[in-house]
Structures are given as structure tokens and as C-alpha cells.
Amino acid sequence: MKSNQTHKKIALMLPGGGARGSYQVGVLKGIVEMLADNHSIFPIITGTSAGAINAVVLASYADDIKYGVARLEKFWTTIHCNNVYRTDAIMIAKTIAKVFGSILFSKFGVKAPKSLLDNSPLARFLSKELHLARIQQVIDKGDLLGLAITASSYDTSVAKSFYQGQPSILAWNRTRRIGLPQEIGIEHILASAALPFLFPAQLIGNEYYGDGGLRMSAPLSPAIHLGAEKILVIGTRDESPIPTPTEVGEYPSMGELGGYMLDTIFMDTLMADLSRLNRINRTISLLDDNNRAKSHLKQIDTMIIKPSIDVRGVTQQHAKDIPRPVQSLLKIIGGWGKDWRMPSYLLFEPGYTKALIELGYNDSLAQKQAIVDFLN
């Protein structure tokens, strides 16, 4: 097996974000253009939700990351909502009927739908697009140290990071988060991307799983357990402050609360974990060599690239591309208009994804020197 010791152990961490995951592709497109040698840039790759899809594609082509990014760009610029979830009027009408039926006739045994949307098309789409067999091939070649996909077990309330990597990587068990060696399959990706309420839970073994961000209190930990010395994070939300309202507005709807929850799942815990890691790095830097060795801690540098603007504005410009039956469903639950959070995760249409790819590409070029310095 070929050694990869000449490369720094740089991990790429891709959090979730639904359709916002296309932003990550734009950033990666800029990165591979700015580096003269992009062979095996990221020997460690981790992903959650939509980030899991991107992670699997990149891991499959860890020996030729430029080609992997090109495949991702084609994937995201040709995708449509009906490739991810059913958008036909009959299915949406049945869902709406079940929602109201469960409210009005619950005492007669009428149950609510398992989810608002049926993502069975995604399984077929991924089966056609992904080349999962290549993951083990690039591991055996030494171009990939490890890939981890995180999902949250509804049965045990534990975040499980399923990983495939070099034999030297050991499984881990921490408070409500564990790492399990498994060959990554479509089921792991579907589990990681099972947005709560929106998509149905995925069964793996005897447990039902939902989005990986639900229970992952330390999103950076899978990369660290796989051996990362540096971690590059590509987020899906800007961190600019939202102005405080000057007067009382409308009570938040179910759809608005759902969008707010998705924001929290995908980015809030990540930002908190980044802050925690920075504090640990500062503490380590204050220790002398002897005490640093006793601490059993290592300094791990991080860099995060995130949207330079609020992507909800981009969502509003392209929201009309969402199929009308889905628009109707979002309007009924109050997830249409106002803050545009929920549509920003569901807008799997080329106009929107191309706009986010362009945004990511420009954002990466704007930070070119910092990115090059970090990766080198």
C-alpha cells in the first residue's frame, strides 16, 4: 500500500444544509483551481446530511479530487426536487389529508404521516450516481485515510459515526456519540440526510436513524478520531447578526419553527464546537513541553468558510422553482415566505444550486491566500 506521509493530515468537514449543500461544491471548485497539486488534498473526509453526499463523492475520488468536484458540480447543477422527494400532487394531497385527519380524528386511530415528504427518489438517484466501491480502493491505495458519515439513532439517542478507513483507526465511544467501522452504503447516507419531520427515518439494523446533526454535540470529533491534524470546514450559513425586531411580530408558525430547528441542527453546534476547540488550542499553547505531553492533548488548527451573504435572499429569488404541490404544503404549515428558511433546504433546483455554487466559488477566491496558507 502506498504511503501518504508526505501530506499533512488535513480533514474536510462538510455539515448538512439540504439544498444549501451546493454551496460547498462552489467552495471546493475554487480550492482545486487555486492549488497546483490537488492530488489527495483531504485524506480525511467527514459529512452529515447533504454534506454526507458530498463527502462520499469526494472520498470516492480522493485520488483525483478535481474529478470528484467536477462530478459533484454536475450532480448539483442537474438535480431537481423530484430527484430527492416526491413532488406529485396526489402524494402531497394524501400527506395534507393525513395531517388534518390525525388532528381531527386521532381518537379514531387516524395517524399522522411518518414525514411530510417521501424521499424514496433520493435512494434511486444516489444508487445511480454514486460509485461507493471506489472508497475502499482509494483507502487501499493510501489516498484516503478515512471517511465518516454521522447519523442519529432515534432508539438509543446516540450520534453514530459510521466510518470506513485504514485498519489502524480505532472505534470510539464517548458520551452519546460513538464511531463504528462499517462499509459505507446508501442506507448510511439516507440515515444521515433524514431531516426530522420532513423525511422519514432510515432503518439500519434494528434502529431507526435521523439527521446526523440531531445528537452530535461535537461535530468535529469524527475527523479528530480519524487522525486529523487540521480541519477545513465548509458551512452552509452566514453568521451575520439578525436585527432585533422593533415591534411584536406574528407568532412563529410550524414551518418557521421547523426552519429554525434545521438552522440549529446544522450550524449552531458546529460553531460551538469550533469555539471549544479554539479554547483548547489556546490552553495548549500556554503549556510548556512537559505539561503539554502530560495533558495528552494536541493542537488542531481549523478554518471555516461560510456564505458571505444570507442565502435566504437567494432562496427568495428562486423559490418559485419549487413544484407547486410542495409550495402548497409549505404554505399550509407556514413554511413559505417571511424567513424562507425551510424552502432554502428543500429547493433542489438548478437555478438555486447554480447560484449557491457561484457564491461558494467567489467566496473561496476572496479568501484564496488564507486557504492556500492553511492547506500548505
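What counts and what doesn't
Residues numbered from 1 in each chain as written. Predicted model: local features only at pLDDT ≥ 70, side-chain atom pairs only at ≥ 80, totals over all residues. Heavy atoms only, no water. Axes fitted to C-alpha atoms, helices over the stretch in contact; angles between N-to-C directions. Helix = DSSP H or I, 4+ residues; strand = E, 2+ residues; numbered from the N terminus. Parallel < 35°, antiparallel > 145°, perpendicular 65-115°, else oblique. Left-handed = near helix turned anticlockwise from the far one by under 90°. Contact = heavy atoms within 4.5 Å. Buried < 20%, exposed > 50% of the residue type's maximum accessible area, 1.4 Å probe, protein only. Salt bridge = Lys/Arg side-chain N within 4 Å of Asp/Glu carboxyl O.

A separate point is the packing of helix α12 (residues 311-318) against helix α15 (residues 350-366). Contact geometry for α12 and α15: axes closest at 9 Å, N-to-C directions at 150°. One way to sum up the angle between α12 and α15 is to call them roughly antiparallel. Relative to α15, the crossing made by α12 is right-handed. Seen from α12, the contacting residues are Val311, Val314, Thr315 and His318; seen from α15, they are Gly351, Tyr352, Ala355, Leu356 and Leu359.

Locating Ser49 in the fold gives a position in the loop between β2 (44-48) and α2 (50-60). According to the relative accessible area criterion, Ser49 is buried, its value standing at 2%. Not counting residues within four places of it along the chain, the set of residues in contact with Ser49 comprises Gly16, Ser192, Ala193, Leu195, Asp211 and Phe266.

Turning to the pattern of salt bridges, a few remarks are in order. If you walk through the whole model with that rule in mind, you get 16 salt bridges. Between Arg20 and Asp263 there is a salt bridge, and its shortest N-O distance comes to 3.7 Å. Of this pair, Arg20 sits in the loop between β1 (10-14) and α1 (22-34) while Asp263 sits in helix α10 (residues 254-285), and the two are 243 residues apart along the sequence. In this structure, Arg20 and Asp263 share a single accessibility class: buried. The closest approach of N and O atoms between Asp63 and Lys141, which form a salt bridge, is 2.7 Å. Of the two residues, Asp63 sits in the loop between α2 and α3 (65-77) while Lys141 sits in helix α7 (residues 133-141), which places them 78 residues apart along the sequence. Residue classification places Lys141 among the partly exposed positions, given a relative accessible area of 35%.

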